[in-house]
Amino acid sequence: MESDVVEQELELAIHPMDQFVIKPLFGGGHGDIGMFTITNATLWLGITVLCVIALMVLGTRGRAIVPSRSQSMAEVLYGFIYKMVEDITGKDGLKYFPYIFTLFIFILVANVVGLLPASFTTTSHIAVTATLAMIVFLVVTILGFIKNGASFLSLFWVSAAPLPLRPILALIEVISYFVRPVSHSIRLAGNMMAGHAVVKVFAGFAVVTFISPAAIGAIVAIYALESLVVCIQAYVFTILTCVYLKDALHPSH
């Protein structure tokens, strides 16, 4: 009988994927979502944008010689991404720094906001990450042809390889190039979804009295790991964007 009660409690408590369901804010159900419906995803995307504005605009408007905490944080992030763009793409890539930095700060803040209790992790949805990745893909591809013309196609021709292997390698390079937005988006969404789902699973086990201490300890450990992962994933998405941009600016192998 006791085991049946435990199983019933677990069945009721553990629904790790429910946190990713998109719901309209004002009435209706999941099936009532239309193109212009305001949902929980819309709300948290808006909150993310407001947090970015608060940090990067309001937090730095004083521009004090002795910076405040928000100004210091903004300056550290700015300098970090600036150096990354310069190191990977070179001086000629710095003109695209505003876009890359905007991409980084948006993903970072969206990931961090998703750690808040009862929040919604927008970057756990492939619709969000795929849109960001596809924009990067299109911008880089168009820029590559604008900057280099037909010479951009040299990106797919491995001139250092033996001549008989070059057509095969070219085919592989073309396939890998068009797979970029898929891997770029799934990596971010998958990591965000997996981490939050694991936390929710252990949170479900926390309702069972005899294993709750271990479950709570696991939640704390995984939450600490997730705090690191959200930063790493924003960094990875951004550094890959820089690598793709470098290919567009300097396509020759």
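Up top you'll find the structure we're talking about.
Source: prediction; values computed, not measured.

S.K.: What is the right way to read the packing of helix α2 (residues 40-58) against helix α4 (residues 97-113) from this model?
M.R.: Each pair of packed helices can be summarised by the angle the axes make with each other and by the distance between the axes. The interhelical angle for the contact between α2 and α4, taken along N-to-C directions, is 120°, at an axis separation of 9 Å. One way to sum up the angle between α2 and α4 is to call them oblique. Note that α2 runs across α4; the crossing there is right-handed. Across the interface between the two elements, Trp44, Leu45, Ile47, Thr48, Val49, Cys51, Val52, Leu55 and Met56 of α2 pack against Phe101, Ile105, Phe106, Val109, Ala110 and Val113 of α4. When grouped by side-chain class, the residues that make up the contact of α2 with α4 number 14 nonpolar, one polar and no charged.

S.K.: I keep staring at α2 and nothing clicks. Help me out?
M.R.: Each full turn of the α-helix corresponds to 3.6 residues, which orients residues three or four apart in the same direction. Taking 1.5 Å of rise per residue, 19 residues should cover 27 Å, and α2 covers 25 Å from first to last C-alpha, within 8% of that figure. Where α2 is concerned, the buried positions are Asn40, Ala41, Trp44, Thr48, Val52, Leu55 and Met56. Buried residues of α2, seen end-on, are gathered within an arc of 125° and therefore sit on one face of the element. Buried residues along α2 sit in contact with α3 (69-89) and α4. N-capping of α2 is provided by threonine 39, with a side-chain oxygen placed 3.3 Å from the backbone N of alanine 41.

S.K.: Any chance you could explain the nonpolar core here in plain terms?
M.R.: Nonpolar side chains in soluble globular proteins tend to end up buried together. If you look at the biggest cluster of nonpolar residues, it comprises 47 residues, and the most contacted ones within it are Ile81, Ile105, Ile107 and Phe237. Secondary structure elements with two or more residues in this core: α2, α3, α4, α5 (126-148), α6 (166-205) and α7 (212-249). Per element, the largest residue contribution to this core is 11 residues, and it comes from α4. Dropping the residues within four chain positions of it, isoleucine 81 is found in contact with Phe97, Ile100, Phe101, Phe104 and Thr238.

About the thresholds
- Residues numbered from 1 in each chain as written.
- Predicted model: local features only at pLDDT ≥ 70, side-chain atom pairs only at ≥ 80, totals over all residues.
- Heavy atoms only, no water.
- Axes fitted to C-alpha atoms, helices over the stretch in contact; angles between N-to-C directions.
- Helix = DSSP H or I, 4+ residues; strand = E, 2+ residues; numbered from the N terminus.
- Parallel < 35°, antiparallel > 145°, perpendicular 65-115°, else oblique.
- Left-handed = near helix turned anticlockwise from the far one by under 90°.
- Contact = heavy atoms within 4.5 Å.
- Nonpolar A, V, L, I, M, F, W, Y, C, P; charged D, E, K, R; others polar.
- Expected span 1.5 Å × (residues − 1).
- Buried < 20%, exposed > 50% of the residue type's maximum accessible area, 1.4 Å probe, protein only.
- Arc of directions from axis to C-beta.
- Polar contact = N/O pair within 3.5 Å; in protein donor to acceptor, adjacent residues only side chain to side chain.
- Core = buried A, V, L, I, M, F, W, Y, C linked by side-chain atoms within 4.5 Å.

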